[in-house]
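# Understanding the architecture of this molecule
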Protein chains: 2
Amino acid sequence: MFAARALRGPRWQRYAAPRRAYSVSIPGDSHGGIKTIADLKEFQSPQHVSDVQICGWVRSVRKSAGVRFADITDGSSMRPIQAVVDKSLASDIRPGSAVRLLGTWKDGSEAKQNQAASSTEESSSTEPAVHELQVRHVDILGPSNPQTYPIQNKYQTPESLRTISHLRSRTPMNSTLLRFRSDATALLTQFFFREQFQQTHPPIITSSDCEGAGEAFTVQAGGKGHFFRDPKYLTVSTQLHLESLAQALGDVWTLSPTFRAEKSDTSRHLSEFQMLEAEMSFVNNMDDVMNLAQRMLLSLTTGLKQLRAAKELEHNRVDAKERAEKLAFEDLESAEILTRRWNGMMTAKTWPRLTYTEAIEMLQPVADQFEHKPVWGAGLQSEHEKYLAEKVGWDEANNAYLPIFITQYPREIKAFYMLKSVDSPAQGQTVDCFDLLVPGLGELAGGSMRENRLPELEESMRLHGLAVPNPRQPGSNNLGWYLDLRRWGCPPHGGFGLGFDRLLSYLTGVTNVRDVVPFPRHFERCDC
Amino acid sequence: MFAARALRGPRWQRYAAPRRAYSVSIPGDSHGGIKTIADLKEFQSPQHVSDVQICGWVRSVRKSAGVRFADITDGSSMRPIQAVVDKSLASDIRPGSAVRLLGTWKDGSEAKQNQAASSTEESSSTEPAVHELQVRHVDILGPSNPQTYPIQNKYQTPESLRTISHLRSRTPMNSTLLRFRSDATALLTQFFFREQFQQTHPPIITSSDCEGAGEAFTVQAGGKGHFFRDPKYLTVSTQLHLESLAQALGDVWTLSPTFRAEKSDTSRHLSEFQMLEAEMSFVNNMDDVMNLAQRMLLSLTTGLKQLRAAKELEHNRVDAKERAEKLAFEDLESAEILTRRWNGMMTAKTWPRLTYTEAIEMLQPVADQFEHKPVWGAGLQSEHEKYLAEKVGWDEANNAYLPIFITQYPREIKAFYMLKSVDSPAQGQTVDCFDLLVPGLGELAGGSMRENRLPELEESMRLHGLAVPNPRQPGSNNLGWYLDLRRWGCPPHGGFGLGFDRLLSYLTGVTNVRDVVPFPRHFERCDC
């Protein structure tokens, strides 16, 4: 009866994107359905199709008697298509150049014979030629000098590519990672739209540097004095502002840049990163928040599986051994581990939930394994998280790494805004919070119920060594506005934050988070 | 033949969001189709439905003999629903409080009779009660003291609301504007997904402050020296980075925070704002870029029209006069003007395109009207833009304000990266660029073809007084990486940037851009 009223996605008119002079085009495709090389690759027509145009970049050129085989990409697919160009036309077709080619799209089995016999010069490829473009006209739209071009058509370490971040997006792996990021962003937007969460834009420049989430960058303008009267900071988390918006709109979310001025030089840390945060009003049970996190990740991974970038990454890792190593990252996780990660994300099971106290009890009998002794009241170390994630989350029957929730940590070691648990264990007071842990990476997300009562929140600020602001005396520590939210109609509420870049790193198996963002910023590095 | 291959949207599994203990619920709605008060409002069942639960905030309370009429909102709709509560249950139902109510959803015509005779105390409403909730159980989830609550259920000026940005999102107008923003974000994401543009996350912290787009904020961390070795800035435009990504991925876009440390204290300027930028590779005609901008705005406005927030804003403005003024902003544009704006966005016509030179020729005969004389070679003043937008863009037959493109401005007054026109007029060298102008606001978007040839770009930098970086000598002015993009395979390309907040302001008729963002930042103001 009510099903028809279920959440509606945005509707939009049908339209055909007009054809550009420089684009992929194919005669008869009046609707513009074939727009990119990726579309063309999927169009394996039994007949020859002449007057096909493609625009793209030359990834490599192989010489043969009388002809050149050029691999062409426009960034829409991990693997290029092959263009067969007569020697007389091919003099300016060099690796790195931008070209427009006109020719016939046809089955390439015939040419393949020649290819096998061809001499490899500038590069080699083991890609089987399925369809290829028999070129009859060439325009060089942007020339290139392969002698100086920093992108080589051979294996370059992620580390060396990081020194040329303005160019490395052109590599097969980096460009596919960026398309994967784009797909993930679109799918998350769609997920939250359907769940009737409002997407918000909390501020980047903020007044508080005292949320305990890490060291903040300061923001200044030229001239005397402060542009904004007081010192201002780059946001370390949008949560406090999201709480304000949740009290107006109900359920809200954001995917927002977030900043930490920390000197950590690890593969998991960036000074600028994308944080996905969601906040729900009218929630009285933290299970609802954890359910949302799992539902979101299930929806995301199910959606990604159906799109090109994820398919290509999977295809690439499955036969990485037999394929050209140049496409893979040296430090990519194995196909087996990635399969387990995806199986865990897409499981129908509810992910394991155990309390911090239970976790400590699990760790203590095997304390010898660890450098740091597991003690109730202290934070979980990375080695502890890793053990728990692998022990509790391993679902052998389904070959899956289930992410696990660790809940109700001791109050003293968690943020001031978290709600006191009503059912604390004998060891001490806990708060209603959770960390979402995954093997190999550790913390993927963290969330909590928020303290919605004013006296309790003030008490918690004192406990955490924060000055309780006088609401009518500005500048005490700039959290007066946050306490205001508790003065008038603050319902039980909660939410979570998830490191978007870490998630992409986890799902793609790219172990260094610096390789899933286009222009990484970290201590001493901010190129471009 | 190819239509079936047209762009595919992301697909996702059907799922029912699990019911939360605190939410809107109605018996029999096993699929969770009714999730918010907005959903419930649309469910005007002919029968009474008992055991309906709603959670929300009390907007106002009216007293009558024996009963209280409370307006309840959960932020999902501009107008509340009415709850009828027996006096004995209603003692803690106060404006501002968060409540959970259980009762019967029924036609309210009967109660309406009583209402007409009721004495108005805390507020009044002219909203016709259609369905209402006959309450039998009340939980106060978050109490409120209406004596101190800064949000009044009467007209408050936008200016006074700006002093309480952490609370003002709770007002009917501000919350609807935020939902409108959320809808627009989702629709734009969908549009670009369908057009196969990759959504990217260009960096916020950047190395260059010399793009000529405006004064930049600097970013610093505690401790000695520079965190990133050199001085760094908050981005003033993501365009240069987008060009790098477009050379890898083809077509790219972003909706990204952008910053200007300008002391302009006008209704159109913010120090932090959202900029939508798109960049297309393989474009040799600026018409393609302008077509994209129009197609995007058509798709956006067509989509918005079908969603609640835009419908509510339209409904609100249509009968603003007879409805309670408290819902409208003092400085809201008239319904007539808004109708013309939307008609212009949704027209089937191609928006007018005229060159800067033609514009100057149009302005010169009526020069007396202006404070500043229109002279070829000087920028267009705001008064000129306004005149042109109203004169050229006015489509009387369709009661529409068509946005207009002014193209090919003089090279000296435009940015260094713009492509020289091949067909400059006698008056002087122009560049292939455009401004998109709308009446009442001026510039909504700006774009150009980019200079893709290295020698010409270097020449342009010199002309604009910029030092040409030595690519192998870091630090000269940090644009060396941008020149690199021209060294290897740079095809003709172009793109545009659009002020997202200004667009929302234009479409909603909210004249001050500070009222369409949740937490405005501008000179001397950065609250919360």
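This is a predicted model, so every value here is computed, not measured.

### A closer look at the overall build of chain A
Within chain A, the regular secondary structure consists of 14 helices and 18 strands. Of all 528 residues assigned to chain A, the portion counted as buried reaches 63%. A separation of at least 24 residues holds for 70% of the contacts in chain A among residues at least 6 apart in sequence. Accessible surface, chain A: about 19,400 Å² in total, of which carbon and sulfur atoms supply 48%.

### Description of the side chain of His241(A)
One can find His241(A) in helix α6 (residues 239-249). For His241(A), a relative accessible area of 1% corresponds to the buried category. For His241(A), the side chain forms a polar contact with the main-chain oxygen of Cys528(B), separated by 3.5 Å. Here His241(A) is in contact with Pro202(A), Pro203(A), Thr206(A), Trp481(A), Phe519(B), Arg521(B) and Cys528(B), once residues within four sequence places are set aside.

### Some remarks on the packing of helix α6 (residues 239-249) of chain B against helix α13 (residues 480-487) of chain B
Residues and elements named next belong to chain B. Closest axis-to-axis distance for the α6/α13 pair is 10 Å, and the angle between their directions is 30°. Here α13 runs roughly parallel to α6, going by the angle between their axes. The handedness of the crossing between α6 and α13 is left-handed. Judged by residue contacts, Gln239, Leu240, His241, Glu243, Ser244 and Gln247 of α6 engage Trp481, Tyr482, Leu485 and Arg486 from α13. Here the contact of α6 with α13 is composed, by residue class, of 4 nonpolar, 4 polar and 2 charged.

### Let's talk about the packing of helix α5 (residues 172-194) of chain B against helix α14 (residues 500-508) of chain B
All names here are of chain B. Their axes nearest at 11 Å, the elements α5 and α14 cross at an angle of 120°. The angle between α5 and α14 falls in the class oblique. In the crossing of α5 with α14, the sense of the turn from one axis to the other is right-handed. Packed against α5, whose contacting residues are Leu177, Phe180, Arg181, Ala184, Thr185 and Leu188, the element α14 presents Phe500, Asp501, Leu504, Leu507 and Thr508 at the interface. Class assignment of the residues belonging to the contact of α5 with α14 gives a composition of 7 nonpolar, 2 polar and 2 charged.

### Side note on the sheet that holds strand β6 (residues 198-199) of chain B
Residues and elements named next belong to chain B. One open sheet accounts for 8 strands, arranged β6-β10-β11-β18-β17-β16-β15-β12; its pairing is mixed. Every interior strand has two partners, whereas the edge strands, β6 and β12 (353-355), have only one. One ladder, built from 9 bridges, connects strand β10 (residues 251-259) with strand β11 (residues 272-281); its direction is antiparallel. Across the sheet, the residue bridging to Phe259 is Glu272, located in β11. Against the sheet, α6 makes contact with β6, β10, β11, β17 (442-450) and β18 (493-499), and its axis sits at roughly 35° relative to β11, the strand it touches most.

### Remarks on the environment of Trp481(B)
All names here are of chain B. Residue placement: Trp481 occurs in helix α13. The exposure class of Trp481 is buried, given its relative accessible area of 8%. Expressed as a C-alpha distance, the spacing of Trp481 and Leu240, which sit 241 residues apart in the sequence, is 9.6 Å.

### Things to note about the relation of the copies chain B and chain A
Superposition record for chain B on chain A: RMSD 0.0 Å, screw rotation 180°, translation along axis 0.0 Å. What we have between these two chains is a two-fold relation. Judged by C-alpha distance, Val219(B) is the residue of chain B that lies nearest the rotation axis, at 2.5 Å. A shared interface surface links the copies, since 100% of the contact residues of chain B are contact residues in chain A too.

### Describing the side chain of Arg79(A)
Inspection of the secondary structure assignment puts Arg79(A) in the loop between β2 (67-73) and β3 (81-86). Separated by 3.1 Å, the side chains of Arg79(A) and Asn316(A) make a polar contact.

### A short note on the sheet that holds strand β15 (residues 404-407) of chain A
All names here are of chain A. Read across the open sheet, the 8 strands follow the order β6-β10-β11-β18-β17-β16-β15-β12; overall the sheet is mixed. Taken across any chain shown, the strands that pair with only one partner, and hence form the sheet edges, are β6 (198-199) and β12 (353-355). Pairing analysis gives 2 bridges linking β6 to strand β10 (residues 251-259), with the strands arranged parallel. Bridged to Gln199 within β10 is Trp253.

### Some remarks on the pairing of strand β3 (residues 81-86) of chain B
Residues and elements named next belong to chain B. For β3, the tally of buried residues reaches 5 of 6 residues, placing the bulk of the element in the interior. Taken together, the 6 bridges between strand β2 (residues 67-73) and β3 define a ladder with antiparallel strand orientation. Its bridge partner being in β3, Ile72 is matched across the sheet by Ile81. With 3 bridges joining them, β3 and strand β5 (residues 131-142) adopt parallel strand pairing. Within β5, the residue paired with Ala83 across the bridge is Leu133.

### Focus: the confidence of the model for chain A
All names here are of chain A. Looking at chain A, pLDDT values average 89 and 88% of them are 70 or higher. Here residues 1-15 scores under 50 on pLDDT; set against residues more than four positions off or in separate chains, the count is 41 contacts. Confidence drops under a pLDDT of 50 for residues 117-129, and excluding neighbours within four residues, the segment shows 26 contacts in the predicted structure. With pTM at 0.93, the complex prediction returns an ipTM value of 0.93.

### A few points about the interface of chain B and chain A
Taken together, the contact pairs 139 residues of chain B with 139 residues of chain A. The interface formed by chain B and chain A contains 4 salt bridges. Here Lys35(B) makes a salt bridge to Asp251(A), at a shortest N to O gap of 3.3 Å. Viewed at the interface, chain A and chain B are joined by 46 residue pairs in polar contact (both at pLDDT 80 or more). The element that contributes the greatest number of residues to the side of chain B that touches chain A is α5(B), accounting for 14 residues. Residue classes in the side of chain B that touches chain A are distributed as 64 nonpolar, 43 polar and 32 charged. The pairing of strand β8 (residues 218-220) of chain A with strand β8 (residues 218-220) of chain B spans 3 bridges and is classified as antiparallel. Paired with Val219(A) across the two strands is Val219(B), which belongs to β8(B).

Conventions and cut-offs
- Residues numbered from 1 in each chain as written.
- Chains lettered and ligands numbered in written order.
- Predicted model: local features only at pLDDT ≥ 70, side-chain atom pairs only at ≥ 80, totals over all residues.
- Heavy atoms only, no water.
- Helix = DSSP H or I, 4+ residues; strand = E, 2+ residues; numbered from the N terminus.
- Buried < 20%, exposed > 50% of the residue type's maximum accessible area, 1.4 Å probe, protein only.
- Contact = heavy atoms within 4.5 Å.
- Areas by Shrake-Rupley, 256 points an atom, 1.4 Å probe, with all protein chains shown as cover.
- Polar contact = N/O pair within 3.5 Å; in protein donor to acceptor, adjacent residues only side chain to side chain.
- Axes fitted to C-alpha atoms, helices over the stretch in contact; angles between N-to-C directions.
- Parallel < 35°, antiparallel > 145°, perpendicular 65-115°, else oblique.
- Left-handed = near helix turned anticlockwise from the far one by under 90°.
- Nonpolar A, V, L, I, M, F, W, Y, C, P; charged D, E, K, R; others polar.
- Pairing = 2+ DSSP bridges.
- Least-squares fit on C-alpha atoms with pLDDT ≥ 70 in both.
- pLDDT = per-residue confidence, 0-100.
- Salt bridge = Lys/Arg side-chain N within 4 Å of Asp/Glu carboxyl O.

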